[in-house]
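# An overview of the molecular structure
Each chain, written out:
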Amino acid sequence: MAEDRRLRAVVALAQAMAAAHTPRESWRAAALGACVALDSTFGALSVWERERGRLKVLVNAGQRAEGEEEFPESETYPVNRFPEITEFLHEQWAGGGEPDAWVETADGPATDGHGYCHQRVSALRRRRRGCCVVAPIVLHGRAWGELYVARPVGAPVYRREDADFAAVLASVVAAGIAQTERLEEVRRLAFTDPLTGLANRRAVDSRLDEALERHRRDGVVVSLVVCDLNGLKQVNDTLGHSVGDRLLERFGSVLSRCGAVLPGALAARLGGDEFCLVAEGPPADDVIAAAAELCVRAGGLELGAGVACGVASTGDPIGQVVSGRRLFRLADAAQYRAKAARSPGPVVAGRDGTVLRLADSPPRAPQDRRRFRDASPEDDAEAREPWSEP
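Residues numbered from 1 in each chain as written. Predicted model: local features only at pLDDT ≥ 70, side-chain atom pairs only at ≥ 80, totals over all residues. Heavy atoms only, no water.

The geometry of helix α8 (residues 241–259) relative to helix α9 (residues 284–299) is characterised by a closest axis approach of 9 Å and an angle of 150 degrees between their N-to-C directions. When the interaxial angle is binned, α8 and α9 end up roughly antiparallel. Our pair here, α8 against α9, has a crossing hand that is right-handed. Across the interface between the two elements, Phe251, Val254, Leu255, Arg257 and Cys258 from α8 touch Ala290, Glu293, Leu294, Arg297 and Ala298 from α9. Among the residues making up the contact of α8 with α9, the classes are represented as seven nonpolar, no polar and three charged. (Axes fitted to C-alpha atoms, helices over the stretch in contact; angles between N-to-C directions. Helix = DSSP H or I, 4+ residues; strand = E, 2+ residues; numbered from the N terminus. Parallel < 35°, antiparallel > 145°, perpendicular 65-115°, else oblique. Left-handed = near helix turned anticlockwise from the far one by under 90°. Contact = heavy atoms within 4.5 Å. Nonpolar A, V, L, I, M, F, W, Y, C, P; charged D, E, K, R; others polar.)

Moving on, we come to the pairing of strand β6 (residues 129–139). For β6, the buried fraction is high: ten of the eleven residues fall into the buried class. Pairing geometry for β6 and strand β7 (residues 142–152), over ten bridges, is antiparallel. Bridged to Pro136 within β7 is Glu146. The hairpin turn running from β6 into β7, its antiparallel successor, is two residues long, and His140 in that turn takes a positive phi close to 55 degrees. (Buried < 20%, exposed > 50% of the residue type's maximum accessible area, 1.4 Å probe, protein only. Pairing = 2+ DSSP bridges.)

What follows concerns the side chain of Ser223. Residue placement: Ser223 occurs in strand β8 (residues 222–229). Of the residues examined, Ser223 reaches a relative accessible area of 1% and is grouped as buried. A polar atom in the side chain of Ser223 sits 2.7 Å from the side chain of Ser313. In this structure Ser223 touches Leu277, Val278, Ala279, Pro282, Val287, Ala312, Ser313 and Leu327, once residues within four positions along its chain are discounted. (Polar contact = N/O pair within 3.5 Å; in protein donor to acceptor, adjacent residues only side chain to side chain.)

Further remarks concern the pairing of β7. For β7, the buried fraction is high: nine of the eleven residues fall into the buried class. Strand direction decides the pairing type here: strand β1 (residues 42–49) and β7, joined by six bridges, are antiparallel. Opposite Gly43, over in β7, you have Val149 as the bridge partner.

This part takes up the confidence of the model for the protein. The pLDDT averaged across the protein works out to 82; a share of 85% of its residues lies at or above 70. No element of the protein has a lower mean pLDDT than helix α12 (residues 377–383), at 41, and none a higher one than helix α2 (residues 23–37), at 94. When the criterion is pLDDT under 50, residues 366–371 qualifies, and its contacts beyond four places in sequence or with other chains add up to ten contacts. Segment residues 375–390 is flagged for pLDDT under 50; beyond a separation of four residues in sequence, or across chains, it makes 33 contacts in the model. (pLDDT = per-residue confidence, 0-100.)

Structure (structure tokens):
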């Protein structure tokens, strides 16, 4: 019966991790699944950040002690305080052995051979837990991190067979993490511009949809900066496309730097010589200041001829914005106005007297302006709202 129950627990853990849509969901599923499987009240998952020499806690699940966050941003521990992950356990795996799990109690080690750690024992006492089992997680043949489960004071102490089962659970968790990493890589490629490493149009559309939903619900300010890199065609024609690609990459870095002053902003390449910034939360004036800095830095690049920049923000008098497409048309119109006027700084929808009218009645001649982005009947309906300029 006990074997059947543990088999069901393993299957449930694997299914829960497979059903996760994000890394956080996967981490939580791993910690909670191990917690249930080992009749425990607390589970945690940590990763070994080799380059920083530390264990970083990814998730604390179950009955958390005071001060323990579910997804802590800064709960880390130097690995020199936990030598088992970097020293003899690693040597054991390198020699062909299997990763082993061990038990600690608030009174000291409960597993023969290894595992006693003063830091873990003191942590158990501080958080009023009676015992824990620690199972190393090995991914692609290397120590990745550890699975940690604990029981409260007064609960039965884990036995040797519990530690062995924890090692099995850790291998299931490793498989789930590997799957999550593969899915994240696919998602990353699907939402990333391969040349610059910035987000792509698909990522922008997704972010704008989510941001505008929060704008409608909570009044959060959403802003869009659309940039057109000047002089790229001339660089390509005279110096070659490889030099043009370097210009695109260099400007992408400048865009990322300027966007970094806006918390949570998304820097993206829309395609060709077009880039944008999506900001959610900062006031319009902060976004305009970042766009102005972008214009200055772009003008200082060795190649190209600066950038034409347009800004549209729900924090300005641009009327109701019910779709990302509408915000794009406004920012596009502002960018066109900046390009036509050879403006050294950004042009802002709602602060320039012609941008709203231009967005609602874009130039018809292809030589004057490529058709504004994704025009649709929905946009035309929005354009007829009473806030449109005459």
